[in-house]
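Spelled out from the first residue to the last, the chains are:
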Amino acid sequence: MDFKLLKRGARGPQTELLQLALRREGALKEAPDGVFGARTEAALKDYQRRWGLAADGIAGPASWAALRPWLTGYRRVTLRPGDTLYRLAERYGVSLSAVETANPGVDPRNLQPGGTVTVPLPFEVVPDSVRFTSAALALCAEGLKARYPFLTEESAGSSVLERPLRLFRFGEGPRSVFFNGAHHANEWITSPLLLRFLERLSAAFAENGAIAGAKAQELWSRSALRLLPMVDPDGVDLVTGELGPGDPAYARALELNGAAPGFPENWKANIRGVDLNLQYPAGWEEARRIKFAQGYTRPGPRDYVGLAPLTEPESRAVYELSLANAFALTLSYHTQGKVIYWKYNGYEPAGSEAIGRKMAALSGYSLELTPPESAWAGYKDWFIQQFDRPGYTVEAGQGTAPLPLSQLEEIYRANEPLLVYAMTAE
Ligand SMILES: [Zn+2]
């Protein structure tokens, strides 16, 4: 990942990442605000001085490399004579079991000076205070795998701009389930939501503990969870400001946007202006008829169905992943209304309504039928049609997208029991 050279006056999500690292390290007191001002500069200089870097207040390659552990949440440490895992845990302020979890291949009675071990740092990897770009996702992916080596990551494919579609796996059970987020760019809060769930689930598993009342070890042995937190990484990078006016992709999107207000935060589509959740072959013609009648007849920020189903690599990747895995249940996360949608076009998969009711009770959301104007060509629609199994759209949170990060904690609390339940529901 390419970090830009940042100095005073810089703005945007990379400045937020810089501020996040400085705050976690202790150099910066304030929460990230994305504006590289006097306080950020002073904090960076302080950090550079203490860590033996040239104290120029500019975040260049050396500073970014030194700050990286505060973004990924772990550090590779070279063992010194006399080091034990216990001493390392004490030195870095984490539990011994966290260090042991991160080093499954290391024999604690036989540590060799000069060897290296992974040491988690004392904070959660997934941040709740920065705009969650594809770069933030990459950092979290690296950190979560380092801290929880039992987690695996595959690529489900790549986006138009060749960003990887990161797919995580937790569990070795027979029941295969699939949770996805950010089919819609400006609903990117669903990415840290799902990733935070993965982190807390993994932490509970490592500690032989429970999450939302369920034993994590049992979830591991009953379920195989596949989690794709960001279906539309290019669109997310546009909405969050990671792609700026200097980027050709930004310029093209701006042109497609035309006169639509609120660019780029209004952007739901992928970077080519196709709505990824109107791309699936389940009533696509019907979706096309409805959306064209509403005036969405060409690529733009939202509601354009594309020239045909599955023309976009992101939707196609999710489609192919689903065909290859034949999931028992799927959840697709969106952010518009504290509602769970279940049925598709007369299909009522066995058990689906009962599971939906239980999920509604656990989250406090209502279980409803998809409104007729958006009842076609979505992922859940196709999944239900293809497999006749329970598939849901969860509209977490309420308000104009993108929802503010201040809602993340509340949304997470509402959804954790639902997510745990969905891993084994039948
Ligand atoms: Zn949505």
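A separate point is the environment of Ala-328. For Ala-328, the location among the structural elements is in the loop between α13 (313-325) and β9 (329-334). Assessed through the 20 C-beta atoms surrounding it within 10 Å, Ala-328 is described here as buried. With 131 residues separating them along the chain, Ala-328 and Phe-197 place their C-alpha atoms 20 Å apart. Not counting residues within four places of it along the chain, the set of residues in contact with Ala-328 comprises Arg-175, Ser-176, Val-177, Arg-389 and Glu-426.

On to the sheet that holds strand β3 (residues 152-158). With respect to topology, eight strands assemble into an open sheet ordered β3-β4-β8-β5-β9-β12-β10-β11, the strand pairing being mixed. Edge positions in the open sheet fall to β3 and β11 (366-368), since each of these has one partner strand only. Within this sheet the neighbouring strands show an average axis-to-axis angle of 20 degrees, counted without direction. Sheet topology places strand β5 (residues 175-181) next to strand β8 (residues 223-228); six bridges connect them, and they run parallel. Paired with Phe-178 across the strands is Arg-226, a residue of β8. Against the sheet, α13 engages β3, β4 (164-170), β5 and β8, with an angle of about 130 degrees to β3. Against the sheet, helix α16 (residues 408-424) touches β5, β8 and β9, its axis set at about 145 degrees to β5.

Turning next to the packing of helix α1 (residues 13-25) against helix α2 (residues 38-50). Geometrically, a packed helix pair is captured by the angle between its two axes and the distance between the axes. Contact geometry of α1 with α2 gives a least axis separation of 10 Å together with a crossing angle of 55 degrees. The angle between α1 and α2 falls in the class oblique. As for how α1 packs across α2, the hand of that crossing is left-handed. Note on element contacts: α2 touches α1 through Thr-40, Ala-43, Leu-44 and Tyr-47, opposite Gln-19, Leu-22 and Glu-25. By residue class, the composition of the contact of α1 with α2 is four nonpolar, two polar and one charged.

About the thresholds
Residues numbered from 1 in each chain as written. Predicted model: local features only at pLDDT ≥ 70, side-chain atom pairs only at ≥ 80, totals over all residues. Helix = DSSP H or I, 4+ residues; strand = E, 2+ residues; numbered from the N terminus. Buried ≥ 20, exposed ≤ 12 C-beta atoms within 10 Å, placed from the backbone. Contact = placed C-beta atoms within 7 Å. Pairing = 2+ DSSP bridges. Axes fitted to C-alpha atoms, helices over the stretch in contact; angles between N-to-C directions. Parallel < 35°, antiparallel > 145°, perpendicular 65-115°, else oblique. Left-handed = near helix turned anticlockwise from the far one by under 90°. Nonpolar A, V, L, I, M, F, W, Y, C, P; charged D, E, K, R; others polar.

None of the figures reported here should be taken as evidence of function without further support.
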